Amino acid sequence: MRAKSKWSPGPGVNVLGISLQPDGNWVVSASAKPVGICPDCNTRSRHRHGWRNRTLQDLPAQGQVVKVHLTLRRWQCRRRECQRRTFTDRLPDIAGPYTRRTVRMAAIVDLIGYSMGGRPAEHLMGRLGMPVSDDTILRQIKRRASNSIPDDIRVVGIDDWSWRRSTRYGTIIVDLERRTVVDILDDRSVASTKAWLQERPSIEVVSRDRCGLYAQAAREGAPQARQVADRFHLVQNLRAAIKEQMNLSGHANVRPILSEDAIAGTTAQHRRARLAHRQSRQDIFDTLHALRQEGLTYSEIARRTGYERRSVTNWLASGAPRDRNRAALNPTSPLYFEAFLADCWKDGNRLGRHLLHDLRNRGYTGSRSNLERLLQVWRQAENVRPEVALPEVKLSEPVRDPDTGHVISSDVAAALCIKPRGLLTDPQARKIDALKRGSDAFRIMRALAMRFNGILRSKNPDALDEWIDDAIDTELTAIMRFASVLRRDIYAVQNAIELPWSNGQAEGQINRLKTLKRAMYGRAGPELMKARMLPLNHTK
């Protein structure tokens with residue numbers, strides 16, 4: 001009797017017999033208790049109406065499949081007030097209605113399927129004596145994930161992730177208090193994020209990156225919540241601004257985000273940067289050819305100048321300073337139809353939507369915004385006033401590493417500019433000192449970066465406004481742009497300084513999501529991706 005009880009699938013079941021089949025599988029015959037309880041009125045009944053047989057797959061025995069042939073009675077409910085006339089034995093601790101596996105077997109399917117996915121879980125469970133198809137495993141974990149998400153969420157982190165880079169993006173939402181994923185949205189839009197936030201009025205804090213899309217969704221979907229800008233992205237944006245400023249070529253074609261007065265004030269500086277870039281290329285060309293005429297080898301020239309040997313070879317093979325190659329035009333660019341547009345412009349046809357219609361008839365496949373950018377340049381060219389001749393550009397000597405003699409790149413300079421003095425190695429400290437001596441802009445940005453890091457760690461946002469004013473007064477284009485963007489998002493930045501929340505958890509969950517996506521070869525849809533990302537016990 002004790003041996004039979006060990007084969008029982010759960011409480012309330014009497015084992016009648018155990019047999020080993022010719023195929024090596026075990027069959028357990030069992031029946032429920034001789035008393036039924038009505039699920040509607042909870043009345044006990046001993047009046048049998050019929051029988052029903054169920055076959056359930058249970059945990060294996062010594063690597064062999066175990067099937068339970070369970071005999072269930074169908075009872076009559078004799079209570080007149082009850083609407084139900086007959087009912088079958090209910091065994092919720094053993095198996096749910098219409099399922100083919102016991103509860104403990106289903107828990108193993110959940111665990112292995114959640115951890116490994118469909119096909120790997122199918123192979124493993126077959127080897128363990130629990131054969132289940134991959135479709136069944138995926139269907140079960142999707143069914144588990146379809147349960148309702150908790151509504152008592154207070155602090156969430158929102159970020160985007162890519163289904164396919166530069167093509168399609170989704171949204172991940174993380175409960176920062178529980179440190180778990182609460183939902184996966186299959187798109188990156190204001191509407192979907194706003195709708196999700198509106199369904200959960202308990203949200204008090206929304207942590208996000210610098211994306212304006214999520215800022216708008218939080219304002220409209222959770223106006224009661226405090227928005228928090230991610231501190232890591234704040235520092236990274238400052239680093240990008242420093243790199244842009246340190247780069248000799250500049251980024252003259254970057255979309256301006258300063259006020260109109262600030263943009264007008266920086267136009268001359270952009271023009272000087274472009275001129276400096278052309279002049280610097282001429283200097284590089286002259287320097288490399290002078291070293292070659294002295295009889296130095298390509299490798300020695302590369303060692304002295306810090307350029308790659310292949311770049312040195314290309315420079316010396318050209319008879320003039322190389323200019324950037326312009327990409328071949330195609331029908332997606334309005335410049336492909338420049339002659340036609342110029343004729344229309346001279347004839348007075350200057351309305352964007354009319355020109356777009358004409359270009360579409362000629363095979364234009366680009367967007368209207370692309371066309372409007374070209375037309376805006378032409379409109380500005382007609383309104384240009386005669387300008388004072390630009391002063392001669394005075395180029396500063398490139399700063400070199402005091403240890404190796406190589407030119408310090410803008411990437412290295414930007415990385416060192418935001419790094420505190422206490423974390424610098426001795427070679428890095430010497431680079432910092434050399435950059436301070438050789439570049440006034442770097443010296444100013446280094447002081448601003450250290451002050452900004454101190455403000456982020458101080459938990460006191462009072463000094464932020466003064467820092468923004470000082471950054472704008474530097475007249476460094478990239479730093480002015482960064483400070484102006486901070487001012488537009490000032491409340492979220494202040495909350496980032498005051499509150500402990502950040503988007504670090506969301507970034508970590510995105511790394512996990514990428515791993516799962518690649519493990520499933522990019523074929524998982526939103527439903528399966530959500531099922532694999534939600535915690536296994538999120539409904540408990």
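Structure shown above.
To start, this report covers the structure provided alongside it.

Procedures and definitions
Residues numbered from 1 in each chain as written. Predicted model: local features only at pLDDT ≥ 70, side-chain atom pairs only at ≥ 80, totals over all residues. Heavy atoms only, no water. Helix = DSSP H or I, 4+ residues; strand = E, 2+ residues; numbered from the N terminus. Contact = heavy atoms within 4.5 Å. Areas by Shrake-Rupley, 256 points an atom, 1.4 Å probe, with all protein chains shown as cover. Phe/Tyr/Trp six-rings, centres within 6.5 Å; stacked < 30°, edge-to-face > 60°. Buried < 20%, exposed > 50% of the residue type's maximum accessible area, 1.4 Å probe, protein only. Pairing = 2+ DSSP bridges. Axes fitted to C-alpha atoms, helices over the stretch in contact; angles between N-to-C directions. Parallel < 35°, antiparallel > 145°, perpendicular 65-115°, else oblique. Nonpolar A, V, L, I, M, F, W, Y, C, P; charged D, E, K, R; others polar. Salt bridge = Lys/Arg side-chain N within 4 Å of Asp/Glu carboxyl O.

1. What to know about the overall build of the protein
Part 1 of the argument: Counting its regular elements, the protein contains 21 helices and 12 strands.
Part 2 of the argument: Looking at the protein alone, contacts between residues at least 24 apart form 58% of all its contacts between residues at least 6 apart.
Part 3 of the argument: When the accessible surface of the protein is split by element, carbon and sulfur atoms take 49% of a total near 31,100 Å².

2. Thoughts on the packing of aromatic side chains
Part 1 of the argument: Applying the stated criterion to the full structure yields seven aromatic pairs.
Part 2 of the argument: Taking the centre distance of 4.6 Å and the plane angle of 50 degrees together, the rings of Trp161 and Trp163 count as tilted. Each member of the pair Trp161 and Trp163 is classed as buried.
Part 3 of the argument: Following the ring pairs from residue to residue traces out a cluster consisting of Tyr336, Phe337 and Tyr364.

3. Digging into the sheet that holds strand β11 (residues 205-208)
Part 1 of the argument: Taken together, five strands build an open sheet; the order of strands is β10-β9-β8-β11-β12 and the sheet is mixed. Every interior strand has two partners, whereas the edge strands, β10 (180-185) and β12 (226-229), have only one. The average angle at which neighbouring strand axes cross in this sheet is 30 degrees, direction not considered.
Part 2 of the argument: Note: strand β9 (residues 168-175) against β10, five bridges, orientation antiparallel. Bridge pairing links Val174 to Val181 in β10.
Part 3 of the argument: The sheet contacts of helix α20 (residues 504-519) involve β8 (155-164), β9 and β10, and relative to β8 the element is tilted by about 30 degrees.

4. A word on the packing of helix α2 (residues 103-116) against helix α4 (residues 134-145)
To describe two helices that pack against each other, one gives the angle between their axes and the distance between the axes.
Part 1 of the argument: Closest axis-to-axis distance for the α2/α4 pair is 9 Å, and the angle between their directions is 95 degrees. In terms of orientation, α2 lies roughly perpendicular with respect to α4. Here α2 contributes Ala106, Val109, Asp110, Gly113 and Tyr114 to the contact with α4, which in turn contributes Ile137, Gln140, Ile141 and Arg144.
Part 2 of the argument: For the contact of α2 with α4, the per-class residue count stands at five nonpolar, two polar and two charged.

5. Notes on the pattern of salt bridges
Once the charged atoms of two side chains with opposite charge are near each other, the side chains can pair.
Part 1 of the argument: Here the structure, examined in full by the defined rule, presents 22 salt bridges.
Part 2 of the argument: The salt bridge partner of Asp401 is Lys431, with a shortest N-O separation of 3.5 Å. Placement of the pair is Asp401 in the loop between α13 (368-382) and α14 (410-417) and Lys431 in helix α15 (residues 426-438), with a sequence separation of 30 residues.
Part 3 of the argument: On the basis of relative accessibility, which here comes to 9%, the residue Asp401 falls in the buried class.
Part 4 of the argument: The partner of Asp470 in a salt bridge is Arg451, and the shortest N-O contact between them spans 3.0 Å.

Functional significance is not addressed by these values, which are geometric in nature.
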